[in-house]
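# Remarks on the overall topology
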Protein chains: 2
Amino acid sequence: MQNFEKLLSKFKLLLKENGLNFTTQRELVLKTLFNYLGHFTPEDLHMLIKKNNPDSNVGVTTIYRTLNLLESNHIVTSISFGIQGKKYELGNKPHHDHLICNQCGKIVEFEDPTIEELQEKIAKMHDFKLTEHIMQLYGVCKDCQDK
Amino acid sequence: MQNFEKLLSKFKLLLKENGLNFTTQRELVLKTLFNYLGHFTPEDLHMLIKKNNPDSNVGVTTIYRTLNLLESNHIVTSISFGIQGKKYELGNKPHHDHLICNQCGKIVEFEDPTIEELQEKIAKMHDFKLTEHIMQLYGVCKDCQDK
DNA sequence: CTGTGTGCAAACATTTTGCAAGCAG
DNA sequence: CTGCTTGCAAAATGTTTGCACACAG
């Protein structure tokens, strides 16, 4: 999912299938997530949208509702980042986990197939059928260590 | 840290060192955490304490304040369990992670040194100095699969 | 037109804070 | 006594809901 048009079509299709309408607000949320690839709280998104679209008038409520809608359709993913709160990211990347800097809040993504395998093994040992997992490494990034 | 007396002494010492007082409420919180080893939200604890000590009168506020105090002294640890919210557990066990059942909410603890090593390796690759990490595997436990 | 979507305000749930009164040392 | 602690009520957050109006199809 490299370009916005594709993503938008997918979203429109999903809406249609569920008898929902395509609206400016919903498009704005999706577009903002796409343009500022990253991790946002609903409030972050709200402010970003307002800043970039001063003429539009999108309420926080709509952000929450749209994010829930997008999440249940697996277009975005939500993750809880401790003190930073619950954040959303566009779910168009392969599965990955996060490294978080305690000082500046920077979030770095990484993948590690070996860990994924180990997780499966552990789940099996305890007779769990795994559905998802969260792995977050907290620490201090290079930049902050140098300060 | 296998018995309550030891834990209590440690706590009292800590209080003294910081010029804080030892009070019934603080003891109750610690005792409850010790007696019901598990994972509790502040509200869980509040209710447990009230139920087991009908004569005492401990406010939610105190629970929060005491948990923060215990956490900053590394006597308890807090973990965010997604929809289940933030929970606290006594920090007297070696480091471990959690398997959580999406259906019944059961929480199973496990350890895996290999994963710990891999996490260190990943942190190093990204020039992070690791301070802590969170790993939670969500799935369906044996009991719930059988239903 | 009809039904879905929206913003607003109010309701909620959870956690924090200000304060006067209550205990520990 | 002195000052740390407490419970209460109020405030602060973050999120959800009810409702009348607005808009998409």
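From a predicted model like this one, the values you see are computed outputs, not experimental measurements.

### Considering the relation of the copies chain A and chain B
The two copies are related by a screw operation: chain A maps onto chain B through 179° of rotation and 0.0 Å of translation along the axis, at an RMSD of 0.1 Å. Such a combination of rotation and displacement between the chain copies is what one expects of a two-fold axis. For chain A, the residue whose C-alpha comes nearest the rotation axis is M135 of chain A, separated from it by 2.1 Å. Here 100% of the contact residues of chain A are again contact residues in chain B; the copies associate through an equivalent surface.

### Brief notes about the protein's contact with DNA strand C
Neighbouring DNA strand C are 18 residues; R26, N57, V58 and T62 of chain A together with Y64 of chain B lie closest to it. When the atoms of DNA strand C within 4 Å of the protein are sorted by group, sugar and phosphate make up 73%. In the model, a phosphate oxygen of DNA strand C is placed 2.8 Å from a nitrogen or oxygen of the T23 of chain A side chain. A distance of 3.4 Å separates a phosphate oxygen of DNA strand C from a polar atom in the backbone of V58 of chain A. Looking at the surface near DNA strand C, the elements with two or more residues in it are α2 (24-35) and α4 (60-72) of chain A together with α4 (60-72) of chain B. Broken down by element, the surface near DNA strand C gets its largest block of residues, 4 residues, from α4 of chain B. Looking at the surface near DNA strand C residue by residue, the class counts come to 4 nonpolar, 11 polar and 3 charged.

### Quick notes on the packing of aromatic side chains
This model, assessed by the stated rule, comprises 2 aromatic pairs over all chains. On the basis of an interplanar angle of 50° and a centroid distance of 5.3 Å, the ring pair of F4 of chain B and F34 of chain B is categorised as tilted. Taken as a pair, F4 of chain B in helix α1 (residues 4-17) and F34 of chain B in helix α2 (residues 24-35) lie far apart in primary sequence, 30 residues in all. On the basis of relative accessible area, F4 of chain B is assigned to the buried category, the value being 14%. On the accessibility criterion, F34 of chain B (17% relative accessible area) is buried. Across from the ring centre of F22 of chain A, 4.8 Å away, lies the NZ or CZ of K12 of chain A, which sits over that ring.

### Some remarks on the interface of chain A and chain B
Taken together, the contacts link 33 residues of chain A with 33 residues of chain B. Between chain A and chain B the total buried area reaches about 2,900 Å² when both faces are included, carbon and sulfur atoms providing 70% of it. Linking chain A with chain B are 0 salt bridges. Where chain A meets chain B, there are 14 residue pairs in polar contact (both at pLDDT 80 or more). Among the elements of the structure, β3 (97-101), β4 (107-110), α5 (113-125), β5 (129-140) and α6 (142-146) of chain A are those that each provide at least two residues to the side of chain A that touches chain B. The leading source of residues in the side of chain A that touches chain B is β5 of chain A, at 12 residues. Within the side of chain A that touches chain B, the residues separate by chemical class into 17 nonpolar, 10 polar and 6 charged. For β5 of chain A and strand β5 (residues 129-140) of chain B, the ladder comprises 11 bridges, and the chain directions are antiparallel. By the bridge assignment for β5 of chain B, V140 of chain A is matched with K129 of chain B.

Parameters at a glance
- Residues numbered from 1 in each chain as written.
- Chains lettered and ligands numbered in written order.
- Predicted model: local features only at pLDDT ≥ 70, side-chain atom pairs only at ≥ 80, totals over all residues.
- Heavy atoms only, no water.
- Least-squares fit on C-alpha atoms with pLDDT ≥ 70 in both.
- Contact = heavy atoms within 4.5 Å.
- Near = heavy atom within 4 Å.
- Polar contact = N/O pair within 3.5 Å; in protein donor to acceptor, adjacent residues only side chain to side chain.
- Helix = DSSP H or I, 4+ residues; strand = E, 2+ residues; numbered from the N terminus.
- Nonpolar A, V, L, I, M, F, W, Y, C, P; charged D, E, K, R; others polar.
- Phe/Tyr/Trp six-rings, centres within 6.5 Å; stacked < 30°, edge-to-face > 60°.
- Buried < 20%, exposed > 50% of the residue type's maximum accessible area, 1.4 Å probe, protein only.
- Lys NZ or Arg CZ within 6 Å of the ring centre and 35° of its normal.
- Buried area = accessible area lost by both parts, 1.4 Å probe.
- Salt bridge = Lys/Arg side-chain N within 4 Å of Asp/Glu carboxyl O.
- Pairing = 2+ DSSP bridges.

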